[in-house]
Amino acid sequence: MKTYHNKIPAYLPSIVVVGLLYYFTLTPQPIPPMDLPDIGFDKIVHVVMMVGVYLTFAFDYLRQKRQLLLSLSVKLWLLVITIAIGGAIELAQGTELINRGCDLYDFMADSVGSVVATI
């Protein structure tokens, strides 16, 4: 892996964030159930999660290219990639292997997070 002056390997933050994302979304029960009021907390978590993924990808891209701003085409690619990740996670959760619920509203919340991060 290519490293930069700050000694953080290229794309390591993205790899760590995606690894954590996969752990928390694709393991049967990564955290114990909590009694939280049903105020859409799960959907807020999905939005924040995808904002974090998008921003981490953008951070790593900008670090590698040594730029300060993303071009419109890069923003759109990151949008497509993060929406695809959210969709793939939801589809994987619906399989017998993962045995979690495939939820259209979770996918919509993931997509909203991707759009918010793009804006």
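In what follows, the structure referred to is the one given above.
The text that follows walks through the structure, step by step, so that each part is easy to find. (Residues numbered from 1 in each chain as written. Predicted model: local features only at pLDDT ≥ 70, side-chain atom pairs only at ≥ 80, totals over all residues. Heavy atoms only, no water.)

## Considerations on the overall build of the protein
Helix and strand counts for the protein stand at 4 helices and 0 strands. Reading the protein from its N end, one meets helices and strands in the order α-α-α-α. Burial analysis of the protein (119 residues in total) assigns 33% to the buried set. Partitioning the intrachain contacts of the protein with sequence separation of at least 6 by distance along the chain shows that 69% fall at a separation of at least 24. Of the roughly 7,800 Å² of accessible surface on the protein, a fraction of 71% belongs to carbon and sulfur atoms. (Helix = DSSP H or I, 4+ residues; strand = E, 2+ residues; numbered from the N terminus. Buried < 20%, exposed > 50% of the residue type's maximum accessible area, 1.4 Å probe, protein only. Contact = heavy atoms within 4.5 Å. Areas by Shrake-Rupley, 256 points an atom, 1.4 Å probe, with all protein chains shown as cover.)

## A few points about helix α2 (residues 41-65)
Taking 1.5 Å of rise per residue, the 25 residues of α2 would be expected to cover 36 Å, and the 36 Å separating its terminal C-alpha atoms lies within 8% of that figure. Among the residues of α2, H46, M49, M50, V51, V53, Y54, T56, F57, A58, D60, L62 and R63 are the ones counted as buried. Contacts made by the buried residues of α2 are with α1 (12-26), α3 (72-93) and α4 (104-118). In the stretch just after α2, R66 is the one whose phi turns positive, near 55°. (Expected span 1.5 Å × (residues − 1).)

## So, the pattern of salt bridges
Enumeration over the complete set of coordinates arrives at 4 salt bridges. Across the pair D42 and K43 runs a salt bridge, and its minimum N-O distance is 2.9 Å. Of the charged contacts, one joins K43 and D106 as a salt bridge, the two residues approaching to 2.5 Å between their closest N and O atoms. Residue K43 is located in helix α2, and its partner D106 is located in helix α4; the two are separated by 63 residues in the primary sequence. (Salt bridge = Lys/Arg side-chain N within 4 Å of Asp/Glu carboxyl O.)

## Considerations on α4
Along its 15 residues, α4 runs 21 Å from first to last C-alpha, staying within 8% of the 21 Å computed at 1.5 Å per residue. For α4, the secondary structure elements touched by its buried residues are α2 and α3. If you check the start of α4, you find a side-chain oxygen 2.9 Å away from the backbone N of Y105, and it comes from D103. (Polar contact = N/O pair within 3.5 Å; in protein donor to acceptor, adjacent residues only side chain to side chain.)

## Regarding the nonpolar core
The biggest cluster of nonpolar side chains holds 16 residues, and the ones touching the most others in it are L21, V53, Y54, F57, L70, L78 and I85. Taken together, the elements giving at least two residues each to this core come down to α1, α2 and α3. Per-element accounting of this core gives the leading share, 8 residues, to α2. Excluding residues within four positions of it along the chain, Y54 makes contact with L70, K75, L78, L79, T82, S114, A117 and T118. (Core = buried A, V, L, I, M, F, W, Y, C linked by side-chain atoms within 4.5 Å.)

## Concerning the packing of aromatic side chains
Counted according to the given criterion, the structure contains 1 aromatic pair. Ring centres 5.1 Å apart and planes at 75° place the aromatic pair Y23 and F24 in the edge-to-face group. Residue F24 is classed as partly exposed on the basis of its relative accessible area, which comes to 38%. (Phe/Tyr/Trp six-rings, centres within 6.5 Å; stacked < 30°, edge-to-face > 60°.)

## Some thoughts on the environment of V74
As for its position among the elements, V74 is in helix α3. Taking C-alpha positions, V74 is 9.1 Å from Y61, a pair spaced 13 residues apart along the chain.

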